[in-house]
Amino acid sequence: MPDDRDARRADRDAAGPGPDARDAAARAADHAGIDRLAATLVPALIAKLGTLNVGELEVHEGDWRVRLRRPAGASATYGRRVTDRPSRTHPGHEQHGHAPGTPEPHRSSRALPGPGHGASASAAASNGSGPAGATSPGLAPVGPGRGGEPVTSSGVGEGGHGPGPSDPNADAAAQIATSPAVGVFQPGPKSVAGTRVRAGDRLGVVDMLGVPQEVVAPVDGIVVGVIVDAGTAVEYGQELVHLQPAVATEGR
Amino acid sequence: MFRKILIANRGEIALRILRACRTLGVEAVVAYSEADRDSLPVQLADEAICIGPADARRSYLSAPAVISAAIVTGCDAVHPGYGFLSEDETFAEVVGAHDLTFIGPPPPVLDRFASKEGTRRLLGGYGLPTIPGSDGMLRDDEHALAEAARIGYPVLIKPSAGGGGKGMRMVRTPRELDSAIKVCRSEARSAFGDDSLYLEKWLEDNRHVEVQVAVDRYGQGVHLGERDCSVQRRHQKILEEAPTPALSPAARADLCERAIRAVVAAGYENVGTLEFLVDGAGDFYFIEINCRIQVEHPVTEMLTGIDLVATQIRIAAGEPLGFSQADVQLRGHAIEFRINAEDPAHEFRPGAGIVESFHAPGGPGIRMDSHLYPGYEVPPYYDSLLGKLIAWGPDRATAIARGRSALDELVVDGITTNVEIHKALLTNPTFLDGRMTTNLLDRIGSAAFLAAAART
């Protein structure tokens, strides 16, 4: 990333006295390049890296370069919130810093009582075993310069339960059903650990001022467990239900 | 006083409200969209809650999301800031229906002042001169043509809803009127969801002067002087100052006293701003009232030493104002420069991107209200305001000198800002003489204005 920015700055400096000196054609070409990257290349790369057992992919297109890299110990960047801090009002927050798919024992024991508990815990443990675990790639895009902007532009305006425009962990988040609204979470029958679900199935609702907003499964798979207790206040985009994707399950 | 306030806004004003809450000892929760996850107010807040995606219609403009966030975080009041839901009386009502307090005028007061045309009639009845305008909303083209002929060209087409200069057009001939109305209607419909338009006489070479007022629930009200917002680009304010160089001290006092008398008599409550146009002869005409805190409120804070946001919160909590007109002392001169992510070389096109470095100027009389920090990514979804630089001095010349020095010191690298237009203004003879009118920039075009300044 820094090298890209340096390159852009050098580009500007070379072009003239200020950042405005770049001519319109160069800008238009840049915009077209970014659009192309956002629309086709980035999603394809994310999918590719998710299936490969490598740490990094890099592709050059025109003047732009896209590099996708698994963070060392993919779990570190899994929690979405850079700005997270302990909060009295977000009792569901504290788990965000944890490894993917390793719910806190006390939380999972409350959320997943009964026979489903052991199974889900072991599934979770294998899931979070390390950066090479193909089921939790924890991708973070690096470069070109503007961080996640291409991803952002393609993510806006889509369904309320996507990984979120600025979420670099697009693939990782696909295993988590997130909150479509700010409100109070009520898990449904299909959120019980071990339940086989299809993408789009209703896992529960978030009650926003008395209007239930559906929490849906982002992928086909098996429910590992709920991350947040019933009746908890949740924010938009908060991780609610953990899923083991069907493809990965069959691959094992 | 409130226990906990939800700040339903973003950027510099969210930060400003957070500071006021801290000063008052009230807890605050910053509500944010996904695009603002890494924003400074979110980072500095004790608590923050994501209310929706980047699209403002599903976050900052979503009444259910904002109210639900206030409820689940245990807030008892909502501060809307400016823009977004700040002047939506339906939102204020729904907030009240959920046992929360809307920080601003109470819903019945907002309702009374909701229509610009109704407000002009109301305050006109309490002694404020108003600009000759159409008789109510324009019904159709014939009505518009007849009213324009009666008022006399040029006329200004204005939307009844909304503000900030959006959806307004000036027309000089009947031929222009027809197509301009079509454009204004569609703009107003998409921006405000209401395409009612009315006409006003266009005053050539006018100045925009506004009076800041604060009125408590018990009918105690003060004015806090006026602000001159004549420096505009396409009806968008970019520089504001106080006192106005347009009026004599006696005329300023007369304007402010008539404004506060009228709003108190009309039952206004909380902080608010009455906007006036002042013509070349020094006559003033009331145009509209803004029932919220305004972007340019720091100008008044610099002159009075009164925290307007804290005052707004205290009044909403039902506290008495606690000071009288005699306690309001206006000292010196202040100028605010709006620093926008806009490219003056390209028609002020709004920009976005990463702030590679940021340095806020300092020194005597300098204040910078900004949410920037190095590494911050300015999202492309919202308005382009990056911050406000305010320069105070004992007199206008000192404020200008300090402003010039501070603008030179300001560093915002990585994104293009409009700072050049401010530097150009501070070399412009018309501005330096205090003779600027609202068409100062648009008359010759901002590009030509910048080029002219570069030659001097």
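What you are looking at is a predicted structure, and each value in this text was computed from that prediction instead of being measured.

What counts and what doesn't
- Residues numbered from 1 in each chain as written.
- Chains lettered and ligands numbered in written order.
- Predicted model: local features only at pLDDT ≥ 70, side-chain atom pairs only at ≥ 80, totals over all residues.
- Heavy atoms only, no water.
- Helix = DSSP H or I, 4+ residues; strand = E, 2+ residues; numbered from the N terminus.
- Buried < 20%, exposed > 50% of the residue type's maximum accessible area, 1.4 Å probe, protein only.
- Contact = heavy atoms within 4.5 Å.
- Areas by Shrake-Rupley, 256 points an atom, 1.4 Å probe, with all protein chains shown as cover.
- Pairing = 2+ DSSP bridges.
- Core = buried A, V, L, I, M, F, W, Y, C linked by side-chain atoms within 4.5 Å.
- Domains from an automatic or database assignment.
- Salt bridge = Lys/Arg side-chain N within 4 Å of Asp/Glu carboxyl O.
- pLDDT = per-residue confidence, 0-100.
- Axes fitted to C-alpha atoms, helices over the stretch in contact; angles between N-to-C directions.
- Phe/Tyr/Trp six-rings, centres within 6.5 Å; stacked < 30°, edge-to-face > 60°.
- Lys NZ or Arg CZ within 6 Å of the ring centre and 35° of its normal.
- Expected span 1.5 Å × (residues − 1).
- Arc of directions from axis to C-beta.
- Parallel < 35°, antiparallel > 145°, perpendicular 65-115°, else oblique.
- Left-handed = near helix turned anticlockwise from the far one by under 90°.
- Nonpolar A, V, L, I, M, F, W, Y, C, P; charged D, E, K, R; others polar.

## Some points on the overall build of chain B
Alright, step 1. Along its length, chain B carries 16 helices and 22 strands.
Alright, step 2. Taking all 456 residues of chain B together, the buried fraction comes to 60%.
Alright, step 3. Within chain B, residue pairs in contact and separated by at least 24 positions form 66% of the contacts whose partners lie at least 6 positions apart.
Alright, step 4. Element-wise, carbon and sulfur atoms account for 51% of the exposed surface of chain B, whose accessible area totals about 16200 Å².

## Notes on the pairing of strand β10 (residues 221-233) of chain B
When a strand is regular, its side chains alternate between the sheet's two faces.
Residue and element names in this part refer to chain B.
Alright, step 1. Counted residue by residue, β10 has 12 buried out of 13 residues, so it is predominantly covered.
Alright, step 2. Judged from the 6 bridges that link them, strand β9 (residues 207-215) and β10 form a sheet pairing that is antiparallel. When the sheet's bridge partners are listed, V215 is paired in β10 with G221.
Alright, step 3. Between β9 and β10, which pair antiparallel in sequence order, lie 5 residues; one of them, G219, sits at a positive phi of approximately 85°.
Alright, step 4. Relative to strand β11 (residues 236-242), β10 runs antiparallel, the two sharing 4 bridges. Residue R233 lies in a different strand from β11, and its bridge partner there is Q236.

## What about the nonpolar core?
In summary, soluble globular proteins display a tendency toward joint burial of nonpolar side chains.
Residue and element names in this part refer to chain B.
Alright, step 1. Core analysis: the largest hydrophobic core is formed by 147 residues, its most contacted members being L6 and L274.
Alright, step 2. Two domains share this core, each providing at least three of its residues, namely domain 1 (4-103) and domain 3 (207-455).
Alright, step 3. Not counting chain neighbours up to four residues away, the residues in contact with L6 comprise V29, A31, I49, V66, A69, A70, T73, C75, A77, V78 and H79.
Alright, step 4. Among the nonpolar cores identified, the runner-up in size contains 14 residues, and I151, I157, V171 and I181 belong to it.

## Describing unusual backbone geometry
Residue and element names in this part refer to chain B.
Alright, step 1. Following Y153, the chain continues into P154 via a peptide bond in cis, with omega recorded as -5°.
Alright, step 2. Tracing the backbone through its elements, the reader meets P154 in the loop between α7 (141-151) and β6 (155-159).
Alright, step 3. A242 connects to P243 through a cis peptide bond whose omega is -5°.
Alright, step 4. Looking at the secondary structure, you find P243 in the loop between β11 and α9 (249-265).
Alright, step 5. If you check the backbone angles, D99 has positive phi at about 60° while not being a glycine.
Alright, step 6. With respect to the helices, strands and loops of the structure, D99 is situated in the loop between α4 (89-97) and β5 (101-102).
Alright, step 7. By relative accessible area, which is 71% here, D99 ends up exposed.
Alright, step 8. Positive phi outside glycine occurs at R234, with the angle close to 50°.

## Examining the pattern of salt bridges
All names here are of chain B.
Alright, step 1. For the coordinates displayed, the defined rule picks out 39 salt bridges over all chains.
Alright, step 2. Here R121 ties to E117 by a salt bridge, and the two come within 3.0 Å at their closest N and O atoms. On the criterion of helical spacing, the pair formed by R121 and E117 is a turn pair, its members being 4 residues apart in helix α6 (residues 116-124).
Alright, step 3. With a relative accessible area of 58%, R121 lands in the exposed category.
Alright, step 4. Given the relative accessible area of 12%, E117 is considered buried.
Alright, step 5. In this structure, a network of salt bridges that share partners links the residues E210, R227, K237, E240, E275, E296 and R338.

## Looking at the sheet that holds strand β9 (residues 221-226) of chain A
By way of backbone hydrogen bonds, the strands of a sheet pair with one another, either parallel or antiparallel.
All names here are of chain A.
Alright, step 1. Ordered by their spatial adjacency, 4 strands build an open sheet running β4-β11-β9-β6, and the pairing between neighbours is antiparallel. The open sheet terminates on both sides in strands that have one partner only, identified here as β4 (176-178) and β6 (196-197).
Alright, step 2. Strand direction decides the pairing type here: β9 and strand β11 (residues 239-245), joined by 5 bridges, are antiparallel. Opposite V223, over in β11, you have L243 as the bridge partner.

## Describing the confidence of the model for chain A
All names here are of chain A.
Alright, step 1. Taken as a whole, chain A shows an average pLDDT of 58; of its residues, 29% reach a score of 70 or greater.
Alright, step 2. In this model, residues 71-173 is a region of pLDDT below 50 whose contacts with residues beyond four sequence positions or in other chains number 193 contacts.
Alright, step 3. In the predicted structure, residues 248-252 sits below a pLDDT of 50 and forms 6 contacts with residues beyond four places in sequence or in another chain.

## Considering the sheet that holds strand β8 (residues 197-201) of chain B
All names here are of chain B.
Alright, step 1. Taken together, the 3 strands give an open sheet; going across it, the order is β7-β6-β8, and neighbouring strands pair in antiparallel fashion. The open sheet terminates on both sides in strands that have one partner only, identified here as β7 (169-171) and β8. This sheet shows a mean twist of 30° between the axes of neighbouring strands, independent of strand direction.
Alright, step 2. The pairing of β6 with β7 spans 3 bridges and is classified as antiparallel. Its bridge partner being in β7, I157 is matched across the sheet by R169.
Alright, step 3. Packed on one face of the sheet, α7 meets β6 and β8 and runs near 15° to β8.
Alright, step 4. Strands β6, β7 and β8 of the sheet are contacted by helix α8 (residues 174-192), whose axis makes an angle of about 170° with β7.

## Here's the deal with the packing of aromatic side chains
Residue and element names in this part refer to chain B.
Alright, step 1. Tallied over the entire structure, the rule returns 9 aromatic pairs over all chains.
Alright, step 2. Each ring, one from Y60 and one from F84, has its centre 5.0 Å from the other, and the planes form 25°; the classification is stacked. Taken together, the residues span a long stretch of sequence, with Y60 in the loop between β3 (47-52) and α3 (63-72) and F84 in the loop between β4 (77-79) and α4 at a distance of 24 residues.
Alright, step 3. Taken together, a centroid distance of 5.3 Å and an interplanar angle of 85° make the contact between F113 and Y268 edge-to-face. Residue F113 is located in the loop between α5 (107-112) and α6, and its partner Y268 is located in the loop between α9 and β12 (270-278); the two are separated by 155 residues in the primary sequence.
Alright, step 4. With relative accessibility at 4%, the residue F113 sits in the buried group.
Alright, step 5. Overall, the relative accessible area of 2% leaves Y268 in the buried class.
Alright, step 6. Among the aromatic residues, those joined into a cluster by ring pairs are Y60, F84, Y381 and Y382.
Alright, step 7. Here the basic side chain of R396 rests over the ring of F431, its NZ or CZ set 4.7 Å away from the ring centre.

## Quick notes on helix α12 (residues 396-409) of chain B
Residue and element names in this part refer to chain B.
Alright, step 1. Between its first and last C-alpha, α12 extends 20 Å over 14 residues, near the 20 Å set by a 1.5 Å rise per residue.
Alright, step 2. Of the positions making up α12, those classed as buried are R396, A399, I400, G403, A406 and L407. Buried residues along α12 cover an arc of 130° about the axis, so they all sit on one side. Those residues of α12 that are exposed and aimed more than 90 degrees away from the buried face are A397 and D408.

## Notes on the packing of α7 of chain B against α8 of chain B
Residue and element names in this part refer to chain B.
Alright, step 1. In the contact formed by α7 and α8, the axes pass within 10 Å of each other and the chain directions differ by 135°. Here α7 is positioned oblique relative to α8, judged by the angle of their axes. The two elements α7 and α8 meet at a crossing, and its hand is right-handed. Here D141, A144, L145 and A148 of α7 lie close against α8, whose contacting residues are P174, L177, D178, I181 and K182.
Alright, step 2. Within the contact of α7 with α8, the residues separate by chemical class into 6 nonpolar, no polar and 3 charged.

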